[in-house]
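# Secondary and tertiary structure notes
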Amino acid sequence: MSLYSSVSFVFFTLIALLSLPLTIQQATETCSSTLPLNDLTFNSSLLQCVEAWTAQNYILRYARTVDNTWSFILSAPDSSVFIGIGFSTNGRMIGSSAVLGWLPPGGGGGQAKQYFLGGQSPGEVTPDQGDLVIVNGSLKIESVSSRLYMSFQLTAETPRQSILYAKGPAGFFPASPGFRLREHQSMTTTTINYNTGSQSVVKGSPHSKLRKTHGLMNMIGWGILIIIGAIVARHMKQWEPTWFYSHIAVQIIGFLLGLTGIIFGLILENRTNASNVSTHKALGITILVMGGLQVLALLARPDKESKYRKYWNWYHHNIGRALIILAICNIFYGIHLAKAGSSWNAGYGSAVGVLALAATGLEVRKLMNK
């Protein structure tokens with residue numbers, strides 16, 4: 001194996017390692033955390049607390065602070081989205097009334113409004129409508145230590161026990177004059193016992209399974225198996241011809257899983273009308289084309305004695321390395337777009353880190369044994 005190939009392989013491996021993003025630590029909170037709000041108009045020591053939506057770190061604090069007056073504080077990570085809480089008579093979104101709040105980045109005050117959820121299309125979600133009796137002047141939202149805190153008071157003997165929580169699409173904020181919404185990127189429905197604070201989850205976002213399947217398929221296919229296949233081809237050639245058939249098998253499985261993941265991604269984009277995925281989509285299609293060319297290259301593989309074999313090797317190896325780097329970057333970018341959280345970053349980052357370190361160790365051993 002030439003020195004150029006070894007140096008090139010180490011170079012691309014180091015780029016893959018350096019592409020691991022620094023995990024962005026979103027401000028997390030639990031019910032044992034101190035409430036960092038000082039200008040409340042009611043006694044915060046009365047508040048009960050429930051970890052309302054664990055996957056998104058939504059915390060709900062509430063209390064019956066005055067006869068027939070209930071105070072609520074919903075907190076969530078400030079990730080440039082609107083947050084929402086809805087009260088339903090039957091556990092369904094349609095027909096419920098919700099309180100939504102947002103705080104655009106770059107200055108300016110936050111806004112919070114009541115919405116009537118008359119249907120699933122944006123035109124059927126009406127601002128400043130609904131049957132929640134909100135105490136005048138009680139509805140507000142603010143950001144403290146990278147978390148949003150939306151507070152309001154309701155006049156009711158007992159608020160509805162079916163509660164919906166929603167997280168808006170990244171980077172979108174309702175604006176005047178219409179204050180129309182776009183479809184949330186995720187939601188969940190729960191029931192709560194206001195006396196005990198116990199809660200049960202009814203269901204999650206209708207697209208959450210599709211989103212997770214899209215991510216996992218691409219992560220395993222393009223982001224793990226393709227890397228393993230490259231390592232097999234690079235370092236297992238002493239086991240002829242087992243390495244060759246293993247390489248082909250792993251790469252084809254990775255390609256098929258990645259293809260399935262991209263198809264799920266296109267379906268997800270169509271169902272959610274996502275407007276911020278154009279770059280992610282373009283990178284995914286580029287990776288798919290490069291993967292298809294790699295598969296087709298197998299059919300045009302010259303014999304070892306052919307004078308064209310060295311050009312084929314250069315093309316096959318470097319297109320493969322570029323594909324791996326693009327796939328790793330796009331997977332992390334997809335995690336960022338989905339606001340999937342640090343667990344996805346840490347999980348995939350650990351997998352890529354282990355593979356990159358293993359590849360580097362094998363490359364060093366190869367160089368030392370020459």
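Refer to the structure above for everything that follows.
A few points on the structure. (Residues numbered from 1 in each chain as written. Predicted model: local features only at pLDDT ≥ 70, side-chain atom pairs only at ≥ 80, totals over all residues. Heavy atoms only, no water.)

### Observations regarding the packing of helix H2 (residues 208–235) against helix H6 (residues 342–368)
One way to put it is that H2 packs onto H6 with a least axis distance of 10 Å and a crossing angle of 5°. Judged by the inter-axis angle, H2 sits roughly parallel to H6. Counting all contacts with H2, which are made through Lys212, Gly215, Leu216, Met219, Gly223, Ile224, Ile227, Ile228, Ile231, Arg234 and His235, the residues of H6 involved are Trp344, Tyr348, Ala351, Val352, Leu355, Ala359, Leu362, Glu363 and Lys366. Of the residues in the contact of H2 with H6, the class split is 13 nonpolar, three polar and four charged. (Axes fitted to C-alpha atoms, helices over the stretch in contact; angles between N-to-C directions. Helix = DSSP H or I, 4+ residues; strand = E, 2+ residues; numbered from the N terminus. Parallel < 35°, antiparallel > 145°, perpendicular 65-115°, else oblique. Contact = heavy atoms within 4.5 Å. Nonpolar A, V, L, I, M, F, W, Y, C, P; charged D, E, K, R; others polar.)

### Side note on a nonpolar patch on the surface
Together, Ile285, Val289, Leu293, Leu296 and Leu299 line one region of the surface with nonpolar side chains, adding up to about 490 Å² of accessible area. Along the chain, the position of Ile285 falls in helix H4 (residues 278–299). (Patch = residues over 30% accessible without salt bridge, like charges linked within 9 Å, V, L, I, M, F, W, Y side chains within 5 Å. Areas by Shrake-Rupley, 256 points an atom, 1.4 Å probe, with all protein chains shown as cover. Salt bridge = Lys/Arg side-chain N within 4 Å of Asp/Glu carboxyl O.)

### Some points on the sheet that holds strand E8 (residues 140–144)
In space, the five strands of this open sheet follow the order E1-E2-E3-E9-E8, with antiparallel pairing throughout. Each having just a single partner strand, strand E1 (48–53) and E8 make up the two edges of the open sheet. Shown here is a sheet whose adjacent strand axes are inclined to one another by a mean of 25°, direction ignored. Strand direction decides the pairing type here: E1 and strand E2 (residues 58–66), joined by four bridges, are antiparallel. Bridge pairing in E2 places Cys49 opposite Arg61. (Pairing = 2+ DSSP bridges.)

### Some words on unusual backbone geometry
The omega angle of the peptide bond from Ser176 to Pro177 is 5°, so this bond is cis rather than trans. Tracing the chain through its elements places Pro177 in the loop between strand E10 (162–167) and strand E11 (186–192). Glu240 connects to Pro241 through a cis peptide bond whose omega is -5°. As for its placement among the helices and strands, Pro241 is situated in the loop between H2 and helix H3 (242–272). Here Asp128, not a glycine, exhibits a phi torsion of approximately 60°, which is positive. Its location among the elements puts Asp128 in the loop between strand E7 (125–127) and E8. Its relative accessible area of 52% is what places Asp128 among the exposed residues. (Buried < 20%, exposed > 50% of the residue type's maximum accessible area, 1.4 Å probe, protein only.)

### Side note on the pairing of E10
Taking burial as the measure, the six residues of E10 include six buried ones, the bulk of the element. Neither face of E10 is exposed, since Ser162, Leu164 and Ala166 on one face and Ile163, Tyr165 and Lys167 on the opposite face are all buried. Relative to E10, strand E4 (residues 83–88) is paired through six bridges, and the arrangement is antiparallel. Looking across to E10, one finds that Gly86 is bridged to Leu164. Where E10 and E11 come together, six bridges link them in antiparallel fashion. The residue bridging Ile163 from the neighbouring strand is Thr190, located in E11.

### A look at the pairing of strand E3 (residues 69–77)
With nine of its nine residues buried, E3 lies for the most part within the structure. The pairing of E2 with E3 spans seven bridges and is classified as antiparallel. Bridge pairing links Arg61 to Ile73 in E3. Count of turn residues in the E2/E3 antiparallel hairpin: two residues, of which Asn68 carries a positive phi of about 60°. Bridge count between E3 and strand E9 (residues 147–155): nine bridges; the pairing is antiparallel. Each bridged residue has a counterpart across the sheet, and for Phe72 the counterpart in E9 is Phe152.

### Topic: the pattern of salt bridges
Under the criterion given, the structure shown has seven salt bridges. Put simply, Glu29 and Arg61 hold a salt bridge, and the shortest N to O gap is 3.5 Å. Taken together, the positions of Glu29 in the loop between helix H1 (3–18) and E1 and Arg61 in strand E2 put the pair 32 residues apart, joining distant regions of the chain. Asp39 is paired through a salt bridge with Lys140; the nearest N and O atoms lie 3.1 Å apart. Remark: Lys140 occurs in strand E8 and Asp39 occurs in the loop between H1 and E1; sequence separation between them is 101 residues. Judged by relative accessible area, Asp39 falls into the partly exposed class, the value being 42%.

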